[in-house]
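Descriptive structure summary
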Amino acid sequence: ILPIIETPDPLLRQKSTPVEQVTEEIRTLIDDMFETMYAAPGIGLAAIQVGVPKRLLVIDLQEEEDADGKPIRKPRVFINPEIVEESDQFVPYNEGCLSVPEMYAEVDRPDRIRARWLDRDGVAHEEELTGLIAVCLQHEMDHLEGVLFIDHLSRLKREMILKKLAKYRKERAKLA
Ligand SMILES: O=C(O)C[C@@H](Cc1ccccc1)[C@H](O)SCc1ccccc1
Ligand SMILES: [Zn+2]
């Protein structure tokens, strides 16, 4: 399990660089990212959030459950993802972020995107995505540009969230 970097760490604001080759080292990082994401818990994680400025992210929406109510894992790896098309129709979603702990706010994003990426075997994919996977992929791809979901909010809302975060951290520090 890797430590997740939290705002205002400037590392989070770095632009991530493309993955040249899917090496064993990258595959190990991918496994560590999934372990870290499941433990958080979260449904997405970008490499920059564990301090690696590479264009690589993992998603598992864990939306379905099996017979005895355990979430069915469908791990998905996106290497060097690109959005090649997006709808002009936007949809709001109450987003959170593992790097902005315990804070949530409504963000509007295109509800349908066409994306291109490499999977963990280096195989190229191009798919139209909509719903939570589209929201999550756009949220994670923002991370690759050093953008956080709070950057999409009005200044007023962002300041409110950062004030609440400071208060939450003070409380957390007392408990620690
Ligand atoms: O990138 C992250 O920090 C993990 C994000 C991924 C995410 C953000 C907004 C919308 C969808 C996914 C979340 O913190 S994972 C926690 C979570 C779980 C279910 C729904 C929303 C957020
Ligand atoms: Zn995030």
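Now for a description of the structure that goes with this document. Bear in mind the structure is a predicted one, so any value in this text is a computation, not a measurement.

Looking now at the overall build of the protein chain. Within the protein chain, the secondary structure is distributed over three helices and seven strands. Listing every helix and strand of the protein chain by position from the N terminus yields α-β-β-β-β-β-β-β-α-α. If one aligns the C-alpha atoms of the protein chain with their principal axes, the spans along those axes are about 45 × 40 × 40 Å. The burial tally for the protein chain puts 41% of its 176 residues in the buried class.

Quick look at the coordination of the zinc ion (ligand 2) now. Protein coordination at the zinc ion (ligand 2) comes from Cys97 (SG), His139 (NE2) and His143 (NE2), with a distance range of 2.0 to 2.3 Å. As a motif over one chain, the donors of the zinc ion (ligand 2) read C-x41-H-x3-H. Linking Cys97 in the loop between strand E4 (90-95) and strand E5 (105-110) with His143 in helix H2 (residues 132-144), this pair joins segments that are 46 residues apart in sequence.

Further remarks concern the site of ligand 1. In the vicinity of ligand 1 there are 14 residues, among which Gly44, Gln49, Leu98, His139 and Glu140 approach most closely. Measuring from an oxygen atom of ligand 1, one finds a side-chain N or O atom of His139 at 3.1 Å. Take His143: an N or O atom from its side chain is 3.4 Å from an oxygen atom of ligand 1. Alone, ligand 1 offers 480 Å² of accessible surface; in the complex the protein occludes 87% of this. With five residues, the single largest contributor to the shell around ligand 1 is H2. Looking at the shell around ligand 1 residue by residue, the classes come out as six nonpolar, six polar and two charged.

Attention now goes to the side chain of Ser99. Counting through the fold element by element, Ser99 comes out in the loop between E4 and E5. Only 3.0 Å separates the side chain of Ser99 from the side chain of Gln49, close enough to count as a polar contact.

All right, on to the packing of aromatic side chains then. Applying the stated criterion across every chain yields a total of two aromatic pairs. Arranged with centres 6.0 Å apart and planes meeting at 20°, the rings of Phe34 and Tyr38 form a pair that is stacked. With Phe34 and Tyr38 both in helix H1 (residues 24-39) and four residues apart, this pair spans about one turn of that helix. Its relative accessible area of 8% is what places Phe34 among the buried residues. The class for Tyr38 is buried, based on a relative accessible area of 16%.

Strand order in the open sheet formed by five strands is E1-E2-E3-E6-E7, with antiparallel pairing between adjacent strands. Sheet topology places strand E1 (44-46) and strand E7 (124-130) at the edges, where each strand pairs with a single neighbour. For this sheet the average axis-to-axis angle between neighbouring strands, irrespective of direction, equals 40°. In this sheet, strand E2 (residues 56-59) lies alongside E1 in antiparallel orientation, the contact comprising three bridges. When the bridges of E2 are listed, Ala46 appears paired with Leu57.

What counts and how
- Residues numbered from 1 in each chain as written.
- Chains lettered and ligands numbered in written order.
- Predicted model: local features only at pLDDT ≥ 70, side-chain atom pairs only at ≥ 80, totals over all residues.
- Heavy atoms only, no water.
- Helix = DSSP H or I, 4+ residues; strand = E, 2+ residues; numbered from the N terminus.
- Buried < 20%, exposed > 50% of the residue type's maximum accessible area, 1.4 Å probe, protein only.
- Donors = N, O, S within 2.8 Å, 3.2 Å for Na, K, Ca; no water.
- Near = heavy atom within 4 Å.
- Polar contact = N/O pair within 3.5 Å; in protein donor to acceptor, adjacent residues only side chain to side chain.
- Areas by Shrake-Rupley, 256 points an atom, 1.4 Å probe, with all protein chains shown as cover.
- Nonpolar A, V, L, I, M, F, W, Y, C, P; charged D, E, K, R; others polar.
- Phe/Tyr/Trp six-rings, centres within 6.5 Å; stacked < 30°, edge-to-face > 60°.
- Pairing = 2+ DSSP bridges.
- Axes fitted to C-alpha atoms, helices over the stretch in contact; angles between N-to-C directions.

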